[in-house]
Amino acid sequence: MGEFRLLKLGEQIREEISQLIMRQQVKDPRVSTFLTINRVEVARDLAFAKVYVSSFLSDAQVRKGVEGLNSAAGFIQSSIAKKLTIRQFPKLTFVVDTSMKEGFEMVNKLNRLEAEEAAIRTENAEKQ
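Read on for an overview of the structure. (Residues numbered from 1 in each chain as written. Predicted model: local features only at pLDDT ≥ 70, side-chain atom pairs only at ≥ 80, totals over all residues. Heavy atoms only, no water.)

## Some remarks on helix H1 (residues 3-22)
Move 1: Taking 1.5 Å as the rise per residue, H1 with 20 residues should run 28 Å; its terminal C-alpha atoms sit 29 Å apart, in good agreement.
Move 2: Along H1, the residues classified as buried are Leu6, Leu9, Gly10, Ile13, Arg14, Glu16, Ile17, Ser18, Leu20 and Ile21.
Move 3: For H1, the secondary structure elements touched by its buried residues are strand S1 (36-42), strand S2 (48-54), helix H2 (59-71), helix H3 (73-83) and strand S3 (91-96).
Move 4: Phi turns positive one or two residues past the end of H1, at Gln24, with a value near 55 degrees. (Helix = DSSP H or I, 4+ residues; strand = E, 2+ residues; numbered from the N terminus. Expected span 1.5 Å × (residues − 1). Buried < 20%, exposed > 50% of the residue type's maximum accessible area, 1.4 Å probe, protein only. Contact = heavy atoms within 4.5 Å.)

Next comes the structure, spelled out in structure tokens:
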């Protein structure tokens, strides 16, 4: 399968999983509607797909949510396979993605550094 088609399939799977979570069709109590599906990487042979999940919830809650999604993976796969017409539907594996939270923390650190630098410049300007 071509690279573009794999990306498009991954995007379709991401959208469908997000809809299942938002509509609360995944009945596992560990799965929160605050979980976000960032991206889906589909293997070239369509055997597997890695689903990256993140949230601004605590790390423990995100891990529990990912465990719930992994236990409901069969239901999710069958629900999506009914909607998408592809030869073979990939086996879904859910993993925690901390990149969104790390990026947010990095922006906060940069903002603090910028504020400190501005305060130092203001102090130096007042002294002169």
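This is not the end of the story, as more comes after the structure.
## Things to note about H3
Given 3.6 residues per turn, any residue in an α-helix points the same way as the ones three and four places further on.
Move 1: Every buried residue belonging to H3 is among Ala73, Ile76, Gln77, Ser79 and Ile80, and all of these are buried. Buried residues of H3, viewed axially, fall in a sector of 165 degrees; they line one side. (Arc of directions from axis to C-beta.)

## Some words on unusual backbone geometry
Keep in mind that most residues, glycine aside, have a negative phi and that most peptide bonds are trans.
Move 1: Positioned with a positive phi, Gln24 is a non-glycine residue whose angle comes to about 55 degrees.
Move 2: Topologically, Gln24 is positioned in the loop between H1 and S1.
Move 3: When its relative accessible area of 52% is taken as the criterion, Gln24 is described as exposed.
Move 4: For Leu46, which is not glycine, the phi torsion reads 65 degrees and is therefore positive.
Move 5: You can call Leu46 buried: its relative accessible area is 2%.

## Examining the nonpolar core
Move 1: Judged by nonpolar contacts, the single largest core of 27 residues is most densely connected at Ile13, Ile17, Ile76, Leu92 and Phe94.
Move 2: Where this core is concerned, the elements lending two or more residues are H1, S1, S2, H2, H3 and S3.
Move 3: Here the element with the most residues in this core is H1; it accounts for six residues.
Move 4: Apart from the residues within four sequence positions on either side, Ile76 is in contact with Ile17, Leu20, Val26, Leu69, Leu92 and Phe94. (Core = buried A, V, L, I, M, F, W, Y, C linked by side-chain atoms within 4.5 Å.)

## A word on the packing of H1 against H3
Move 1: As a packed pair, H1 and H3 sit with axes 10 Å apart at the nearest point and diverge in direction by 120 degrees. Judged on the interaxial angle alone, H3 and H1 are oblique. For the crossing formed where H1 meets H3, the hand is right-handed. Residues Ile13, Glu16, Ile17 and Leu20 of H1 touch H3, and the partners they reach there are Ile76, Ser79, Ile80 and Lys83.
Move 2: Among the residues forming the contact of H1 with H3, the class breakdown is five nonpolar, one polar and two charged. (Axes fitted to C-alpha atoms, helices over the stretch in contact; angles between N-to-C directions. Parallel < 35°, antiparallel > 145°, perpendicular 65-115°, else oblique. Left-handed = near helix turned anticlockwise from the far one by under 90°. Nonpolar A, V, L, I, M, F, W, Y, C, P; charged D, E, K, R; others polar.)

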